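An overview of the molecular structure
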Amino acid sequence: MTVEQIELRKILSQMLADNGINRETLKEMVNEILDEKVEKAVSQVLKEGNIKGIVDGKIDNISRRVIQREIENKVRRVLDCTSLSINCREPEPGVFGLYMRWCERTGNQFTAESYQEFLDQKDIDDNVI
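Note that the structure is predicted; figures quoted are calculated from it, not measured. (Residues numbered from 1 in each chain as written. Predicted model: local features only at pLDDT ≥ 70, side-chain atom pairs only at ≥ 80, totals over all residues. Heavy atoms only, no water.)

**Focus on the overall build of the chain**
Helices and strands together make up the secondary structure of the chain, namely five helices and zero strands. Listing every helix and strand of the chain by position from the N terminus yields α-α-α-α-α. Put simply, the chain shows about 12,100 Å² of open surface, and 57% of that area lies on carbon and sulfur atoms. (Helix = DSSP H or I, 4+ residues; strand = E, 2+ residues; numbered from the N terminus. Areas by Shrake-Rupley, 256 points an atom, 1.4 Å probe, with all protein chains shown as cover.)

Pasting the structure below:
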């Protein structure tokens, strides 16, 4: 610090002391001012903002996360005890060619539903005595 800064500091300290202000009273004054400013800022935000919407949104997001976690845990517990086996079989030779001709004849599209309909009809035709 320069000599001028030290002298200025002594003068300011003396002026504050003459008015009964020391470090502790300065801290209290600063805290009071900060509290007042924060209170005003919060009041302003509450007046201008849609607090209900913000709170509702937060509650909704948190609720969704909690429910999702619970569902995931329950599904995992159930699926850990479940086994699934899938057997694939080749279609009978020539069945796909018959299906294509059937679609052309009936005007059906090539879909899973029409293929199942074709197979059902073929089973009926094959089992007729």
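**With respect to the pattern of salt bridges**
Taken as a whole and judged by the stated rule, the model has three salt bridges. A salt bridge links E24 to K27; the nearest nitrogen and oxygen atoms lie 3.9 Å apart. Here K27 and E24 lie together in helix α2 (residues 23-48), a separation of three residues that amounts to about one turn. For E24, a relative accessible area of 48% translates into the label partly exposed. Accessibility expressed as a relative area gives 51% for K27, which makes it exposed. Between E36 and K40 there is a salt bridge, with its nearest N and O atoms 3.5 Å apart. Of this pair, E36 and K40 both sit in helix α2, separated by four residues, roughly a single helical turn. By relative accessible area, K40 is classed as exposed at 53%. (Salt bridge = Lys/Arg side-chain N within 4 Å of Asp/Glu carboxyl O. Buried < 20%, exposed > 50% of the residue type's maximum accessible area, 1.4 Å probe, protein only.)

**Considering the packing of aromatic side chains**
With the rule as written, the count across this model stands at two aromatic pairs. With a centroid separation of 5.5 Å and 50° between ring planes, the pair formed by W102 and F118 is classed as tilted. Taken together, the residues span a long stretch of sequence, with W102 in helix α4 (residues 95-106) and F118 in helix α5 (residues 112-127) at a distance of 16 residues. W102 sits in the buried class, given a relative accessible area of 8%. Given the relative accessible area of 6%, F118 is considered buried. Taken together through their ring pairs, the aromatic side chains of W102, Y115 and F118 make up a single cluster. (Phe/Tyr/Trp six-rings, centres within 6.5 Å; stacked < 30°, edge-to-face > 60°.)

**Observations concerning the nonpolar core**
Grouped together as the largest cluster of nonpolar side chains are six residues: V95, Y99, W102, C103, F118 and L119. Broken down by secondary-structure element, the contributors of at least two residues to this core are α4 and α5. Among the elements that line this core, the one with the most residues is α4, at four residues. Not counting chain neighbours up to four residues away, the residues in contact with C103 comprise N108, Q109, F110 and S114. (Core = buried A, V, L, I, M, F, W, Y, C linked by side-chain atoms within 4.5 Å. Contact = heavy atoms within 4.5 Å.)

**Let's talk about helix α1 (residues 3-18)**
In this model α1 runs 23 Å from its N-terminal to its C-terminal C-alpha over 16 residues, within 8% of the 22 Å that 1.5 Å per residue would give. A positive phi of about 75° marks G20, the residue just after α1. (Expected span 1.5 Å × (residues − 1).)

**Observations concerning the side chain of S114**
Positionally, S114 belongs in helix α5. Only 2.6 Å separates the side chain of S114 from the backbone oxygen of Q109, close enough to count as a polar contact. Among all residues touching S114, those that are not within four sequence positions of it are Y99, W102, C103, N108 and Q109. (Polar contact = N/O pair within 3.5 Å; in protein donor to acceptor, adjacent residues only side chain to side chain.)

So far we have only geometry, and geometry alone does not tell us how the molecule works.
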